[in-house]
Amino acid sequence: MTKAILIIIASLLFCLPIHSQSKTDSLAINFHLEFNKLPLEINKKYVSANKDTLTVETFRCYVSNIQIQYKDNSVFTQKNSYYLLDSEHPNSFQIPITKKTDKQISKITFNIGIDSLTNTAGAMAGDLDPVKGMYWAWQSGYINMKIEGKSSSCKTRKNEFQFHVGGYLQPYYAMRQMKFTLDKKANDDINIGIDLFPFFSNVELKETNSVMIPGNEAMKLANYSCKMFYIQ
């Protein structure tokens, strides 16, 4: 084995504990997808408060502009923070934010969806890449939240429901801001539940089962989405 190869191997081994340590030292937000306070299982049958039997096949949602406010009134803002939570990729629900500290957190804020400025900038890369299936090419805008599945209450093809919530122009601006008051040290992860039960409690699937464009119905669904998030 040549000296050059040995140097490369030694360098890689040296880097491994550094990477592991940086992960350990990161304050993270862990989102937990649920139905009625229990972990949601894709394609499992659930019953809503409206007695609709349903299965969720797809859940995707953008979380952006994350801010952490501390008790000393200092604020950490994560720049260019756009994250796609995707039920097909469980790891996407774990978001590293900043370094852990002994400071006390007083508040966390974030947006459900993508702001108008980013929408008008056109398609981007990373989690904003159109290949993620969250970009309306026909109107050059992002879908903030996508919930798809099936229910016998839906008199549609294959009993499907499709909710694609978005819109960045007034009066159909679909982004919503979430604010939570906390009282915890920033050396432990923040856990936030995303419970779809309240969402479907506000939707009667036999009447509303397909929302695919910005408009009044999308605004209602955007408001319902705020009821899904809570601090655990």
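Each remark here, short or long, concerns the structure printed above.
J.: Can you explain the pairing of strand S15 (residues 190–195)? Please cite residues and give values.
T.: Burial of S15 is extensive: 5 of the 6 residues sit out of reach of the surface. The sheet contact formed by strand S1 (residues 26–35) and S15 spans 6 bridges and is parallel. Paired with His32 across the strands is Gly193, a residue of S15. With 3 bridges joining them, S15 and strand S17 (residues 229–231) adopt antiparallel strand pairing. In the strand pairing of S17, Gly193 is matched with Tyr230.

J.: With reference to specific residues and values, describe the packing of aromatic side chains.
T.: Under the criterion given, the structure shown has 13 aromatic pairs. Seen from their ring centres, Phe35 and Phe200 are 6.4 Å apart, and the 40 degrees between their planes marks the pair as tilted. Taken together, the residues Phe35 in strand S1 and Phe200 in helix H3 (residues 196–201) connect sequence positions 165 residues apart. Take Phe35 and Phe200: they sit in the same class, and that class is buried. Ring centres of Tyr62 and Tyr142 lie 5.9 Å apart, and the angle between their planes is 85 degrees; on these two criteria the pair is classed as edge-to-face. Here Tyr62 is found in strand S4 (residues 53–70), whereas its partner Tyr142 is found in strand S10 (residues 141–151), with 80 residues between them in sequence. By relative accessible area, Tyr142 is classed as buried at 1%. Among the aromatic residues, ring-to-ring pairing joins Phe35, Tyr46, Phe161, Phe163, Phe197, Phe199 and Phe200 into one connected group. In this structure, Lys37 is placed above the aromatic ring of Tyr230, and the distance from its NZ or CZ to the ring centre is 4.6 Å.

J.: Run through the nonpolar core, naming residues and quoting values.
T.: Counting 51 residues, the largest nonpolar core has Phe31, Phe59, Phe110, Leu196, Phe199, Phe200 and Phe229 as the members making the most contacts within it. With 8 residues, the single largest contributor to this core is S4. Each residue touching Leu196, except ones within four places of it in the same chain, is listed here: Leu33, Glu34, Phe35, Leu40, Val56, Phe59, Ile147 and Met228. By size, the runner-up hydrophobic cluster in this structure holds 9 residues, among which are Leu84, Tyr135, Tyr142 and Ile143.

J.: Please provide a residue-by-residue account of the side chain of Glu148, values included.
T.: Structurally, the position occupied by Glu148 is in strand S10. Polar side-chain contacts of Glu148 include one of 2.6 Å to the side chain of His164.

J.: Run through unusual backbone geometry, naming residues and quoting values.
T.: Cis geometry is adopted by the peptide bond preceding Pro171, which originates at Gln170 and carries an omega value of 5 degrees. Summarising the element assignment, Pro171 is placed in the loop between strand S12 (168–169) and strand S13 (172–173). The phi torsion at Asn43 lies on the positive side, around 70 degrees, for a residue other than glycine. The phi angle at Asn159 is positive, at roughly 55 degrees, despite the residue not being glycine. Within the fold, Asn159 resides in the loop between S10 and strand S11 (160–166).

J.: How would you summarise the pattern of salt bridges if you had to cite specific residues and measurements?
T.: This structure, assessed with the given rule, holds 8 salt bridges. Between Lys71 and Asp183 there is a salt bridge whose closest N-O contact spans 3.1 Å. Placement of the pair is Lys71 in the loop between S4 and strand S5 (75–77) and Asp183 in strand S14 (residues 176–185), with a sequence separation of 112 residues. Overall, the relative accessible area of 57% leaves Asp183 in the exposed class. Measuring nitrogen to oxygen at the nearest pair gives 3.6 Å for the salt bridge that ties Lys103 to Asp72. With Lys103 in the loop between strand S7 (94–99) and strand S8 (104–112) and Asp72 in the loop between S4 and S5, this residue pair connects regions lying 31 residues apart in the sequence. Overall, the relative accessible area of 46% leaves Asp72 in the partly exposed class.

J.: Explain empty space enclosed by the protein residue by residue, including any values.
T.: Taken as a whole and judged by the stated rule, the model has 1 cavity of 30 Å³ or more. Estimates place the volume of the largest cavity at around 40 Å³. Along its surface, the largest cavity is lined by Ile112, Asn144, Met145, Val165, Ala174, Ala222 and Ser225. Among the secondary structure elements, those contributing two or more residues to the lining of the largest cavity are S10 and helix H4 (216–226). Its residues assigned to classes, the lining of the largest cavity comprises 5 nonpolar, 2 polar and no charged.

Calculation criteria
Residues numbered from 1 in each chain as written. Predicted model: local features only at pLDDT ≥ 70, side-chain atom pairs only at ≥ 80, totals over all residues. Heavy atoms only, no water. Buried < 20%, exposed > 50% of the residue type's maximum accessible area, 1.4 Å probe, protein only. Helix = DSSP H or I, 4+ residues; strand = E, 2+ residues; numbered from the N terminus. Pairing = 2+ DSSP bridges. Phe/Tyr/Trp six-rings, centres within 6.5 Å; stacked < 30°, edge-to-face > 60°. Lys NZ or Arg CZ within 6 Å of the ring centre and 35° of its normal. Core = buried A, V, L, I, M, F, W, Y, C linked by side-chain atoms within 4.5 Å. Contact = heavy atoms within 4.5 Å. Polar contact = N/O pair within 3.5 Å; in protein donor to acceptor, adjacent residues only side chain to side chain. Salt bridge = Lys/Arg side-chain N within 4 Å of Asp/Glu carboxyl O. 1 Å grid on protein atoms, 1.4 Å probe; cavity = no way out; pocket = protein on both sides within 12 Å on 5 of 7 lines; lining within 4 Å. Points joined across faces, edges and corners; volume = space filled by probe spheres on them. Nonpolar A, V, L, I, M, F, W, Y, C, P; charged D, E, K, R; others polar.

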